[in-house]
Amino acid sequence: MTVAGRWLILAAAGSGSRSGEPVNKAFAPLGRACPVLMCLDAFAPYVDGVVIAVGADDGSLWESIKDRAPTPLPVVTAQGGETRQASVSRALERVPDGAEFVAVHDAARPFVSADLIERCFVEAERTGAAMPAVPVADTTLLIGASGGIDTLPRENLRAAQTPQVFRLDWLRRAYALSGGSGSSGSATDDATLARAAGYPVSIVDGEAANRKLTTSEDFRAARAAMDRTSLPRVGFGMDAHRLTPDRPLTLCGVTVPHSMGLLGHSDADAAVHALIDALLGAAALGDIGRWFPDSDDAYKGISSMILLARVRDALNGRGYTIGNVDVTIIAQRPRLSGFIGEMRASLADTLCVSADRVSVKATTTERMGYEGREEGISAHAAAVIYGGTTD
């Protein structure tokens, strides 16, 4: 769920010359997207906005894909510098002063999970700064200038990852002390600068899957893994609720003026309930009744958009990406055509996808059946998702 005051700096200005890709690796094709778009999709539910550091030669690449970025997020660009340190420093200047915490993430780590993002933010909000790290599995050697070899105790070694999350004022001061945007410093991660400025940085458990794409072999392995999960998974959902005169009518998170509303344990938004079942069905995760039982008072009167956001987070945490959704509402009255645009925007905002991936339609039954007799309203939904966790 988006929390006020959280921003992301996405470092995408490197050349990636070792990747063997014909373009900057941050924009290289990867499945149906590219690392930059994959990172934006991953962070969209957890941040209020993004500053992306783009290299001087990659502006046209960003322009060609930016319309596919999650539209609920404001995304601004910063001119990349000669070094990563200079690029992030320039991006920091474009983060709004009102932001409280900023995550710095390498675009070359497109497989970052929702769980890791949230854990890093939560720890940083507790301590001021946090970074993920993973144990070093291989024996690590330190080669001296004279050719001597020392074996380092790997039980004490960790490999740093991103996202690294900081209080905005801490990170700005750390960069100011390092020379600011004009610096040619070569710090390869931001925690190094924060510690040099005297700020403590907490360590959270990183993830092996959050690997950095550097070499051509990294890209071959990533594409092979994605091929195993690139086929679409399709789900279907249906829901219906009885109309009653003492309830507001809420559909797709939008309150529609009407003399009657839908009866149910929650706000009885039949359209969102159908969509939740479609999304859960696509991932083979059961149905809405299993996740949010009407026997639980915690869900009494709750907005169905809150439940939809929880399902979105559950899918993201399992490595799924929402492709597109299609909702059909069946009601004799009221006429819904004037609310379709608002409904699409409402669903797109909660799902953190662009509105062109959300369809909402309304129809009648020509006065046949319970919908035609205005006894109730039903909804059908279909959803396509991609990805999923691989072993």
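Residues numbered from 1 in each chain as written. Predicted model: local features only at pLDDT ≥ 70, side-chain atom pairs only at ≥ 80, totals over all residues. Heavy atoms only, no water.

**Examining the packing of helix α8 (residues 270-282) against helix α10 (residues 304-317)**
In step 1: At a minimum axis distance of 10 Å, the contact between α8 and α10 shows a crossing angle of 10°. Taken as axis vectors, α8 and α10 run roughly parallel relative to one another. Contacts from Val272, His273, Leu275, Ile276, Leu279 and Leu280 in α8 reach Ser304, Met305, Leu307, Leu308, Val311 and Leu315 in α10.
In step 2: For the contact of α8 with α10, the per-class residue count stands at 10 nonpolar, 2 polar and no charged. (Axes fitted to C-alpha atoms, helices over the stretch in contact; angles between N-to-C directions. Helix = DSSP H or I, 4+ residues; strand = E, 2+ residues; numbered from the N terminus. Parallel < 35°, antiparallel > 145°, perpendicular 65-115°, else oblique. Contact = heavy atoms within 4.5 Å. Nonpolar A, V, L, I, M, F, W, Y, C, P; charged D, E, K, R; others polar.)

**Some details on the sheet that holds strand β14 (residues 261-262)**
In step 1: Read across the sheet, 5 strands follow the order β14-β11-β17-β15-β16 without closing on themselves; strand pairing throughout is mixed. Each edge of the sheet is formed by a strand with only one pairing partner; in this case those strands are β14 and β16 (358-363).
In step 2: Pairing between strand β15 (residues 320-330) and β16: 6 bridges, direction parallel. Bridging from a neighbouring strand, Ile329 pairs with Ala362 of β16.
In step 3: Against the sheet, α8 touches β11 (233-244), β14, β15 and β17 (376-387), its axis set at about 155° to β11. (Pairing = 2+ DSSP bridges.)

**Comments concerning the packing of aromatic side chains**
In step 1: Taken as a whole and assessed by the stated rule, the structure comprises 3 aromatic pairs.
In step 2: Pairing Trp170 with Tyr199 gives two aromatic rings, centres 4.6 Å apart and planes at 10°, and the pair type is stacked. Taken together, the residues Trp170 in helix α5 (residues 168-178) and Tyr199 in the loop between α6 (190-196) and β10 (202-205) connect sequence positions 29 residues apart.
In step 3: Here Trp170 falls in the buried class, since its relative accessible area comes to 13%.
In step 4: A relative accessible area of 15% means that Tyr199 is categorised as buried.
In step 5: Centre to centre, the rings of Trp291 and Phe292 are 6.3 Å apart; their planes meet at 55°, and the pair counts as tilted.
In step 6: We classify Phe292 as buried; its relative accessible area is 9%. (Phe/Tyr/Trp six-rings, centres within 6.5 Å; stacked < 30°, edge-to-face > 60°. Buried < 20%, exposed > 50% of the residue type's maximum accessible area, 1.4 Å probe, protein only.)

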